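Examining the three-dimensional arrangement
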Amino acid sequence: IARLTRDKGVDLLLEATTDLLDVALTIVGTGRDGRPILSLRHRIRTPTPVHVCSSVPDLGAFYRSLDILVLPSREHDPFGLVAAEAMMLGIPVIVTDVCGIAGYLTDGNDALIVNANSAIAIREAIVTLRNPAVRASIAEAAGAAPTGLLAAILKGWDDCPDIARDIDRTIVADAPIAVGEEPTI
């Protein structure tokens, strides 16, 4: 769920999943680099099903439909709100170390944090989360982490009331979905 620009790393995610047969990707977003990024899926001839849409009508329902959320940013991403939103619903996340939220998370506990610009690191994290026990453990910790995490961060966002309002509006305090056998990213 992002702007489709090179800095967001969607091409890395596509590359990371080229040979993962039991993975399906849903990419949500639009942007100036959308065509070249998304044309990559045809050039690499991935067997991975890739669904692309510009938006989703119900963000909370979309998050709850995922087994994993990957935020593959290549360059400094000030926070990574989509990761926090997914975590609030107990969805395990993979973020790169250039995402601001990575500084508030513990790798292997409440998220998997990987090196930026590395399709191999993203792939390894996805493979790690194929293990249902690991995915469930991170999902449980992810669901507990954002309460304190967001409270601490939002204290510093007094000049950004629209962000806090968006968090309240888009996140439905619902139970996380059951962790399935096959990840949907």
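This write-up is about the structure you can find in this document. Keep in mind the model is a prediction, meaning the values are calculated, not measured.

Once that is clear, we can look at helix α5 (residues 119-128). Buried within α5 are the following residues: Ala119, Ala121, Ile122, Ala125 and Ile126. One face of α5 carries all of its buried residues, which in axial projection span an arc of 165 degrees. Of the surrounding elements, those touching the buried residues of α5 are α1 (10-16), β3 (69-71), β4 (93-96) and β5 (112-114).

Taken in spatial order, the three strands make up an open sheet running β3-β4-β5, and their pairing is parallel. Edge strands, defined here as strands with exactly one partner in the open sheet, are β3 and β5. The mean angle between the axes of side-by-side strands here comes to 15 degrees, regardless of whether they run parallel or antiparallel. Where β3 lies against β4, three bridges are found, and the strand directions are parallel. Bridge pairing in β4 links valine 70 to isoleucine 94. Helix-sheet contacts for helix α4 (residues 81-88) involve β3 and β4, and the interaxial angle to β3 is about 160 degrees.

Under the definition given, this model contains one cavity of 30 Å³ or more. Of the pockets and cavities examined, the largest cavity occupies roughly 190 Å³. As for the largest cavity, its lining consists of 17 residues, of which Ile1, Leu13, Thr26, Ile27 and Val70 are closest to the centre. Elements that contribute at least two residues to the lining of the largest cavity include exactly α1, β1 (25-28) and β3. Here the lining of the largest cavity is composed, by residue class, of 15 nonpolar, one polar and one charged.

Below, the discussion takes up the packing of aromatic side chains. With the rule as written, the count across this model stands at one aromatic pair. Relative to tyrosine 63, the ring of phenylalanine 62 lies with its centre 6.3 Å away and its plane at 50 degrees, an arrangement referred to as tilted. Look at tyrosine 63 and you get buried, because its relative accessible area is 0%.

All right, on to the nonpolar core then. Among the nonpolar cores identified, the biggest contains 26 residues, and Leu14, Ile27, Val70, Ile94, Ile122 and Ile126 are the most heavily contacted of them. Contributing elements (two or more residues each) for this core: α1, β1, α2 (34-43), β5 and α5. Excluding anything up to four places from it in sequence, leucine 14 contacts Leu25, Ile27, Ile37, Leu40, Arg41, Ile44 and Val50. Core analysis: the next-biggest nonpolar cluster, separate from the first, contains 25 residues, Leu71, Leu89, Cys99 and Ile101 among them.

With that settled, the discussion passes to the pattern of salt bridges. Going through the model one piece at a time under the given rule, you end up with six salt bridges. The partner of arginine 123 in a salt bridge is aspartate 19, with the nearest N and O atoms 3.0 Å apart. Placement of arginine 123 in helix α5 and of aspartate 19 in the loop between α1 and β1 is noted, with a sequence separation of 104 residues between them. Of the charged contacts, one joins arginine 130 and aspartate 22 as a salt bridge, the two residues approaching to 2.2 Å between their closest N and O atoms.

Calculation criteria
- Residues numbered from 1 in each chain as written.
- Predicted model: local features only at pLDDT ≥ 70, side-chain atom pairs only at ≥ 80, totals over all residues.
- Heavy atoms only, no water.
- Buried < 20%, exposed > 50% of the residue type's maximum accessible area, 1.4 Å probe, protein only.
- Helix = DSSP H or I, 4+ residues; strand = E, 2+ residues; numbered from the N terminus.
- Arc of directions from axis to C-beta.
- Contact = heavy atoms within 4.5 Å.
- Pairing = 2+ DSSP bridges.
- Axes fitted to C-alpha atoms, helices over the stretch in contact; angles between N-to-C directions.
- 1 Å grid on protein atoms, 1.4 Å probe; cavity = no way out; pocket = protein on both sides within 12 Å on 5 of 7 lines; lining within 4 Å.
- Points joined across faces, edges and corners; volume = space filled by probe spheres on them.
- Nonpolar A, V, L, I, M, F, W, Y, C, P; charged D, E, K, R; others polar.
- Phe/Tyr/Trp six-rings, centres within 6.5 Å; stacked < 30°, edge-to-face > 60°.
- Core = buried A, V, L, I, M, F, W, Y, C linked by side-chain atoms within 4.5 Å.
- Salt bridge = Lys/Arg side-chain N within 4 Å of Asp/Glu carboxyl O.

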